[in-house]
Amino acid sequence: APSQRHTSKQRFLAEFSQCLYEFVIQLLPTREELIVKEDVRKLLERLIRTIEPESRLLSFGSTANGFSLRNSDMDLCCLIDSEERLSASDLVTMLGDLLERETKFHVKPLPHARIPIVKLSLDPSPGLPYGIACDIGFENRLALENTRLLMCYALIDPPRVRTMVLFLKVWCKRRKINSPYKGTLSSYGYVLLVIFFLVHVKNPPVLPNLQQMPPMRPISQEETTLHGHNIWFFDDIELLRGRWQSSNTESVAELLVDFFRFYARDFQYNTGVASIRAGLLKKDSKGWASESDRGTARERNRLCIEDPFEVDFNVSRCVTRDGLYTIRGELMRASRILASRPERAIVALAQLCE
Ligand code: GTP
Ligand code: MG
């Protein structure tokens, strides 16, 4: 009987891996969508250059890091190479006016937000059945760098890393636990949880720690510092492939089952900080557990995920007590569904994303 159980488990996992690949492929953006988005980026860049001739408009977030689902938002960042430039909030106001006059986008400038942005959207049309939503920010160079870091992690092992991340993005959207504004976690936060798991929890690791690998040539501090943060990481993935190979051979299904089990049961939410840079840290050691400022630090730091470069920044600071309770409930639900191993893997997948 034990060996029979063993084979039925193996069979389930093999079938579930196959289901995951097939499911995720259908959700990738189409070629047309990518072309339209690139056209939109170019159009917006042309318009912005009528205000700031020295500017470039770069894509970041999921459209640039390989973790994009069909119809995902576009995150754009405007970099200005000249010395004298307008303030971000002035730019937001001017660009908002210009786009309102010159394009068919719905335009919402937010010049006074903590990070000033212009929000744009296009209504659905026959060629663009879901429309487009897009945010334009300014000078957010750290976001460009963390996008590049995530892209490098995706490139090391696309079949396992991209499949896991894309599946979890669908899962957390369908289960409605992907809204920082409502006390749950951003997509960026979920991606960091996956990478933390693959670098620091799995043994042997599925991914190397790109921020801790020795550089190939001496690198000056100047080159690797941005706004006071160390942004160095090993980014030559071609070269890395020749030097490093994971000895972890688990399938994507095994990894996903284990991911849910780890975050449902084992991760130390009360004391731990997930850091892809440094492994598991303690809230105490980062000063993220202090009660001194009337309990607010504690409320902000229910779930702690250290940003890879802005190490004083908790990416999951928006997660509330209720939000975390809901997220953990969902992780346990997913873990339970997978542990029960329904007869058909496709049924498990459908239940997970109900
Ligand atoms: P979808 O939009 O759901 O497809 O996911 P996404 O991968 O684009 O993630 P999200 O929209 O959450 O974030 C987009 C990008 O913004 C990320 O890749 C980061 O570069 C940046 N970002 C988002 N949240 C934070 C944050 O809390 N801190 C920092 N430093 N950057 C963030
Ligand atoms: Mg995004």
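Located above this text is the structure these notes cover.
Everything in this summary refers to the structure shown in the same document. (Residues numbered from 1 in each chain as written. Chains lettered and ligands numbered in written order. Predicted model: local features only at pLDDT ≥ 70, side-chain atom pairs only at ≥ 80, totals over all residues. Heavy atoms only, no water.)

### Examining helix 10 (residues 252-266)
For helix 10, which comprises 15 residues, the first-to-last C-alpha distance of 20 Å matches the rise-based estimate of 21 Å (1.5 Å per residue) to within 8%. When we look at burial in helix 10, the residues that qualify are Val252, Ala253, Leu255, Leu256, Asp258, Phe259, Phe260, Phe262, Tyr263 and Ala264. (Helix = DSSP H or I, 4+ residues; strand = E, 2+ residues; numbered from the N terminus. Expected span 1.5 Å × (residues − 1). Buried < 20%, exposed > 50% of the residue type's maximum accessible area, 1.4 Å probe, protein only.)

### Section: the side chain of Asn178
Considering the arrangement of structural elements, one finds Asn178 in the loop between helix 6 (158-174) and helix 7 (187-201). Given a relative accessible area of 15%, Asn178 falls into the buried group. In terms of polar contacts, Asn178 uses its side chain to reach the backbone carbonyl oxygen of Leu185, at 3.0 Å. Not counting chain neighbours up to four residues away, the residues in contact with Asn178 comprise Cys172, Lys173, Thr184, Leu185, Ser186, Ser187 and Tyr190. (Polar contact = N/O pair within 3.5 Å; in protein donor to acceptor, adjacent residues only side chain to side chain. Contact = heavy atoms within 4.5 Å.)

### Some points on the site of ligand 1
Near ligand 1 lie 18 residues; those nearest to it are Ser62, Asn146, Lys169, Lys173 and Ser187. Within the side chain of Ser187, a nitrogen or oxygen atom sits 2.6 Å from an oxygen atom of ligand 1. In the complex, the protein chains occlude 82% of the 620 Å² of accessible area that ligand 1 would expose alone. At the level of elements, helix 3 (62-65), helix 5 (141-156), helix 6 and helix 7 are the ones that each hand at least two residues to the shell around ligand 1. (Near = heavy atom within 4 Å. Areas by Shrake-Rupley, 256 points an atom, 1.4 Å probe, with all protein chains shown as cover.)

### Re the environment of Val319
Locating Val319 in the fold gives a position in the loop between strand 10 (305-306) and helix 12 (321-340). In this structure the C-alpha to C-alpha distance between Val319 and Arg300, which are 19 residues apart in sequence, comes to 7.2 Å. With sequence-adjacent residues up to four places away left out, Val319 is seen in contact with Gly183, Thr184, Leu185, Glu299, Arg302, Leu303, Leu324 and Ile327.

### Brief notes about the packing of aromatic side chains
Scanning the entire structure with this criterion turns up 14 aromatic pairs. For the pair Phe197 and Phe262, a centre-to-centre distance of 6.0 Å together with 45° between the ring planes defines the contact as tilted. Here Phe197 is found in helix 7, whereas its partner Phe262 is found in helix 10, with 65 residues between them in sequence. Like Phe262, Phe197 is buried. (Phe/Tyr/Trp six-rings, centres within 6.5 Å; stacked < 30°, edge-to-face > 60°.)

### Topic: the pairing of strand 8 (residues 272-275)
Burial of the side chains of strand 8 extends over both faces: Gly272 and Ala274 are buried on one face and Val273 and Ser275 on the other. Two elements, strand 8 and strand 9 (residues 279-282), share four bridges in a ladder whose sense is antiparallel. Within strand 9, the residue paired with Gly272 across the bridge is Lys282. Connecting strand 8 to the next strand, strand 9, in antiparallel fashion are three residues. Bridge count for strand 8 against strand 10 is two bridges, and the pairing is parallel. Along strand 10, the bridge assignment pairs Ser275 with Glu306. (Pairing = 2+ DSSP bridges.)

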